[in-house]
Amino acid sequence: MAPRLKLRDIAFFERPVHFARPFRFGAITINATPQLFVRVEIEVEGRGVAVGASAELLVPKWFDKRSELSPAQTVDDLRRALEIARGLYLARTGFQTAFDLHASCIGAQIATCAKKNIPALAAAYGPAEIDKAILDALLRGVETSFFEGMAGNIAGIDARLSPDLKDADLTTFLASRKPLPRVAVRHTVGLDDQVEGEGGVADTRENAGANYFKLKLSGDPMADAARLARIGKELDTLGRDYKVTLDANEQYADIAALQALIGRLDREPALRSIASCLLYVEQPMPRDITRQSPLGSLAARGFIIDEADDSYDAFPAARALGYHGISSKSCKGLYKSIVNATRAAKWSAEGEKFFVTGEDLTCQAGLAVQQDLALGAFIGVAHAERNGHHYVDGFGDTPTTEAQAFAAAHPDLYADAGQGIRLSIHNGDLLTGSLNTVGFATSVHPDWSALRPLEQPKSLQEQTA
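Just so it is clear, the structure is predicted and the values come from calculations on it, not from any experiment.

The rules behind these values
- Residues numbered from 1 in each chain as written.
- Predicted model: local features only at pLDDT ≥ 70, side-chain atom pairs only at ≥ 80, totals over all residues.
- Heavy atoms only, no water.
- Helix = DSSP H or I, 4+ residues; strand = E, 2+ residues; numbered from the N terminus.
- Expected span 1.5 Å × (residues − 1).
- Core = buried A, V, L, I, M, F, W, Y, C linked by side-chain atoms within 4.5 Å.
- Buried < 20%, exposed > 50% of the residue type's maximum accessible area, 1.4 Å probe, protein only.
- Contact = heavy atoms within 4.5 Å.
- Lys, Arg positive; Asp, Glu negative; His and termini not counted.
- Salt bridge = Lys/Arg side-chain N within 4 Å of Asp/Glu carboxyl O.
- Polar contact = N/O pair within 3.5 Å; in protein donor to acceptor, adjacent residues only side chain to side chain.
- Pairing = 2+ DSSP bridges.
- Axes fitted to C-alpha atoms, helices over the stretch in contact; angles between N-to-C directions.
- Phe/Tyr/Trp six-rings, centres within 6.5 Å; stacked < 30°, edge-to-face > 60°.

(A) Fine view of helix 4 (residues 125–141). Here helix 4 is 17 residues long and its end C-alpha atoms lie 25 Å apart, about the 24 Å a rise of 1.5 Å per residue gives. Looking one or two places after helix 4, you find Glu143, whose phi comes out positive at around 60°.

(B) Examining the nonpolar core more closely. Core analysis: the largest hydrophobic core is formed by 152 residues, its most contacted members being Phe146, Leu265 and Tyr414. The element contributing the most residues to this core is strand 1 (residues 5–25), with 10 residues. Apart from the residues lying within four places of it in its own chain, the contact partners of Leu265 are Leu228, Leu246, Leu271, Ile274, Ala275, Leu278 and Arg301.

(C) Fine view of the side chain of Asp131. Looking at where Asp131 falls in the secondary structure, it is placed in helix 4. Summary of buried charges: Asp131 has no salt-bridge partner, and the nearest side chain of opposite charge, Lys132, is 10 Å away. For Asp131, the side chain forms a polar contact with the side chain of Tyr89, separated by 2.8 Å. Once residues lying within four places of it in the same chain are set aside, the contact partners of Asp131 are Tyr89, His102, Leu334 and Tyr335.

(D) Quick look at the environment of Ala229. Considering the arrangement of structural elements, one finds Ala229 in helix 8 (residues 221–235). Among the residues examined, Ala229 registers a relative accessible area of 18% and is labelled buried. As for Ala229 and Arg272, which are separated by 43 residues in sequence, their C-alpha atoms are 8.3 Å apart. The contact partners of Ala229, leaving out residues within four places of it in the chain, are Ala270 and Leu271.

(E) Representation of the environment of Arg186 within the structure. Locating Arg186 in the fold gives a position in strand 4 (residues 182–189). Apart from the residues within four sequence positions on either side, Arg186 is in contact with Tyr212, Phe213, Lys214, Thr245, Tyr280, Gly358, Glu359, His383, Ala384, Glu385 and Arg386.

(F) Expanded view of the side chain of Thr245. Inspection of the secondary structure puts Thr245 in strand 6 (residues 243–247). Within polar-contact distance, the side chain of Thr245 engages the side chain of Arg186 at 3.2 Å. Filtering out sequence-adjacent residues up to four positions away, Thr245 remains in contact with Arg186, Phe213, Lys214, Leu215, Leu278, Leu279 and Tyr280.

(G) Layout of the sheet that holds strand 3 (residues 48–57). With respect to topology, four strands assemble into an open sheet ordered 3-2-1-15, the strand pairing being antiparallel. Looking at which strands have only one partner, the edges of the open sheet turn out to be strand 3 and strand 15 (452–453). The pairing of strand 2 (residues 28–44) with strand 3 spans 10 bridges and is classified as antiparallel. Looking at strand 3, one finds that Val44 is bridged to Gly48. Sheet contacts for helix 4: strand 1, strand 2 and strand 3; angle to strand 3, the most-contacted strand, approximately 140°.

(H) Looking closely at the pairing of strand 7 (residues 278–282). Within strand 7, four of the five residues are buried, leaving the element largely enclosed by the surrounding structure. Sheet topology note: the strand 6/strand 7 ladder contains four bridges and is parallel. Bridge assignment links Val244 to a residue of strand 7, and that residue is Leu278. Examined bridge by bridge, strand 7 and strand 8 (residues 303–305) share two bridges and lie parallel to one another. Its bridge partner lying in strand 8, Val281 is registered against Phe303.

(I) Structural view of the packing of aromatic side chains. Following the criterion strictly, the structure yields 16 aromatic pairs and no others. Residues Phe303 and Tyr323 carry aromatic rings whose centres are separated by 6.3 Å and whose planes lie at 80° to one another, so their mutual orientation is edge-to-face. Residue Phe303 is located in strand 8, and its partner Tyr323 is located in the loop between helix 12 (314–321) and strand 9 (325–328); the two are separated by 20 residues in the primary sequence. Looking at Phe303, the relative accessible area reads 0%, which means it is buried. On the basis of relative accessible area, Tyr323 is assigned to the buried category, the value being 0%. With a centroid separation of 5.1 Å and 55° between ring planes, the pair formed by Phe395 and Tyr414 is classed as tilted. Of this pair, Phe395 sits in the loop between helix 15 (388–391) and helix 16 (400–409) while Tyr414 sits in strand 12 (residues 414–416); the two residues are 19 residues apart in sequence, bridging distant segments of the chain.

(J) Highlighting the pattern of salt bridges. A complete count under the given rule lists 43 salt bridges for this structure. Between Asp203 and Arg205 there is a salt bridge, and its shortest N-O distance comes to 3.2 Å. On the accessibility criterion, Asp203 (11% relative accessible area) is buried. Taking the relative accessible area as the measure of exposure, Arg205 reaches 64% and is therefore exposed. Close ionic contact of Arg287 with Glu250 constitutes a salt bridge, the shortest N to O distance being 2.8 Å. Of this pair, Arg287 sits in helix 11 (residues 287–290) while Glu250 sits in the loop between strand 6 and helix 9 (255–267), and the two are 37 residues apart along the sequence. The same class applies to Arg287 and to Glu250, which are both buried. Through salt bridges that share partners, Arg186, Lys214, Lys216, Asp247, Glu282, Glu359 and Glu385 make up one connected network.

Structure follows, in structure tokens:
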């Protein structure tokens, strides 16, 4: 039986994060945004009190891309989603499993946020961050690691939110997991990133020796094809095998526009390098168009959903449209990642290949990258986009003493080569050994005294003024 817990407190904090270079994806360019930190206190039945933590960037205009909203408004809605989730979780006062808490709150969370015009993807951010912190506290309370705890289903995950599965499908999948000792970095090439020459995509000082590359698309087939040809020419100079993925962040208007790009990939000699090493295309169309648009013959190229993954039934629905993959992101919910990985394994056993990928929008050095890396390594994600080290200077605005504490506790993940403590990438890979520690992939917590309380959403300020 999974251990039961009772929530005692949930607290939110934030810290500014200034980017070392602009990150342009979709229709937005980010130069700075806050990082959220969650601190929870729980009582583990029969074992006493434990504290857990999680962290994630509050990214503007990704969870909600509606043009009428400003970037700041979309960040405010993430804060509102957090506050709504906090109220729902703390209202559950009895002892229950970690997954009981999640399953009993997620429906009300989505419904309450919908009434406040917050879409499901943004709504899920609140439970996603609280769940990670609760799991960290639970693992500490029973003194085990994420890898060992999840193999034994310490959270009590069952199929109540995924009726296409059986409870045994989930427990069997969890028990079978052997976490990967290393996960390859997939280097992000943003729309404003340099392509050629020093500082370009083939510069090893820039790409950290990566063998995998994630290339952002703009939604314009002609412009994207021209840029991909330039990138392919540069990557060919690496002199080694490489693989790429393409990510449009919902920018392709419809199937016709998408067919125009894929048609170019299929026939243009200048795109042969990219086309021959392409693994999959990520979230090409807006989430609402995605749900109405079967891929048809395009499905042969391999497509995944990301922003359209806003519910527990999103993957089965996408499968019916011709999609073969779905992203794992801890900001969308670790339990949903595990459910979807179970589905991919079960469906693949029937003959056709389905898969889960690792896509990183929100993971900075420290808690966020470690917990997301552990989740991916556990469910079998062999390569994952990692962009925090690329767009932010090391630990960014984190106090030096806090960065040093993480580096001392996780020496296989961080190193100081004279430019401050940074993510340590070994021949294109991240090592996961030090994540196998008591708690959710971390031996240390942030310096809570160096964080400021989460800024109150302006809508709530107006209501209480």
